[in-house]
Structure formats: C-alpha cells, structure tokens
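Architecture at a glance
Chain residues, written in single-letter form:
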Amino acid sequence: LAALRDFFKMVALSCVVRNGDAHRKNFCLIYDSAESRMGRLAPAFDVVTTTAYLPMDAMALTMAGFKRWPSRETLLRFAGACGFRPEQGERYLAEVVAGVIQAREELLVGARELPGFAEVGKGMVGEWDNCETVEQYENQRCFARIVLAVAGMPDPLPHGVMVNLEKMTLRGPQALVERLVRKFG
C-alpha cells in the first residue's frame, strides 16, 4: 500500500509541476535480485517542469483518456482507482501540493540568486502557480487562516488542528463558517 501511495504521489507531483516527460520508464521498480523477482518502487527521478521550456507541452501518459493536464477532481478519481478512500486521496494530494509550495519558495530564491536561472525559474513558478490543484489548495489554506484570525485563534494552529481545518475547507467555505459559528458562537 505504501508503494501505491508513493506511486500516486509521484504521478500527482508530475501533474502539478507540469512534467510532460513523465513517461512509463520514469516509474520503475528496483529489484533486490534477479532470482527473487521482489521489487520495490524506485524513488522519483527526472521530474522537470517541461512547460517552462515548451509552453504547449502535454502529459506523456494519458489520464482518464486524455493527455491534457488533469484537474484536481481527475487526480482524486485516480486516487480512488488506486484504491484509496476519498479522504486518503485528499490527504496525499494535499501533501504533494504542500511540498510544491515549499519548493516554490526555494525556487524563487534560486531564480533571484542564480545567474542564468532567472528566466527558467520564473517560468517554472508561473506554471506551478497556474495549476488548478495548487490554486484551490492555496485558496483553502488562505480561507482557513482568515477564519482563524476572525475567530481570534492562533495561526498557525497545532498541526493536528490545522489538518482538521483543511479537511473542513474541502467541503467548502460555507461548511467551515457554519462549523466555526457552532463551535465558537
């Protein structure tokens, strides 16, 4: 199950960062020995934001029958096809997006400080920022922070509490407001 989770996250990462080079040979198994035929999923490799170089690039593989970049909903359906419950798919996708957002900050530093990387770095950031999945996740986190401020609660909250708020925002802002009003009156 851990390997399947990691595979889902690798595919989701390639979609979020617009890696049009994520073909079948980029998802591999490492075998302990030829005799045992026991393998494990290889770590992610060759992850490139190809659309920073080729703006019209598309996915190398199809998802739901298409090569266009999948929506958040399509990625979550893929998580279901991998055997994950909806809340697991949401969590795994949120982990991928959180990692991309963290990497984005480092990418911005590199774009500022590394001569010759500014143009490509800005192109990568632009592609990541245009990803519907990242945008939706950021909007939910932003909304949760606004609600925390209005409710007079500390930000950031302890980790477990923030996760619960993020789950509430997945059902929509109205559900979060109603729940906070009930809780804090």
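To be clear, the structure that these remarks concern was listed above.
Everything in this summary refers to the structure shown in the same document. The structure presented is a predicted model; accordingly, all values stated were derived computationally and were not measured.

Here we look at the overall build of the chain
- On a plain count of helices and strands, the chain comes out with seven helices and two strands.
- Reading the helices (α) and strands (β) of the chain from amino to carboxyl end gives α-β-β-α-α-α-α-α-α.
- Every one of the 185 residues in the chain was classed for burial, and the buried ones make up 35%.
- Pairs at least 24 apart in sequence give 62% of the contacts found in the chain among residues at least 6 apart.
- With an accessible surface of roughly 11,200 Å², the chain has 58% of that area assigned to carbon and sulfur atoms.

With respect to the packing of helix α1 (residues 2–16) against helix α2 (residues 72–81)
- Following both chains from N to C, one finds α1 and α2 inclined at 165°, their axes separated by 10 Å at the closest point. As far as their axial angle goes, α2 and α1 are roughly antiparallel. Where α1 crosses over α2, the handedness of that crossing is right-handed. Here Phe-7, Phe-8, Val-11, Ala-12 and Cys-15 of α1 come into contact with α2, specifically with Leu-75, Phe-78 and Ala-79.
- Its residues assigned to classes, the contact of α1 with α2 comprises eight nonpolar, no polar and no charged.

Rules and cut-offs
- Residues numbered from 1 in each chain as written.
- Predicted model: local features only at pLDDT ≥ 70, side-chain atom pairs only at ≥ 80, totals over all residues.
- Heavy atoms only, no water.
- Helix = DSSP H or I, 4+ residues; strand = E, 2+ residues; numbered from the N terminus.
- Buried < 20%, exposed > 50% of the residue type's maximum accessible area, 1.4 Å probe, protein only.
- Contact = heavy atoms within 4.5 Å.
- Areas by Shrake-Rupley, 256 points an atom, 1.4 Å probe, with all protein chains shown as cover.
- Axes fitted to C-alpha atoms, helices over the stretch in contact; angles between N-to-C directions.
- Parallel < 35°, antiparallel > 145°, perpendicular 65-115°, else oblique.
- Left-handed = near helix turned anticlockwise from the far one by under 90°.
- Nonpolar A, V, L, I, M, F, W, Y, C, P; charged D, E, K, R; others polar.

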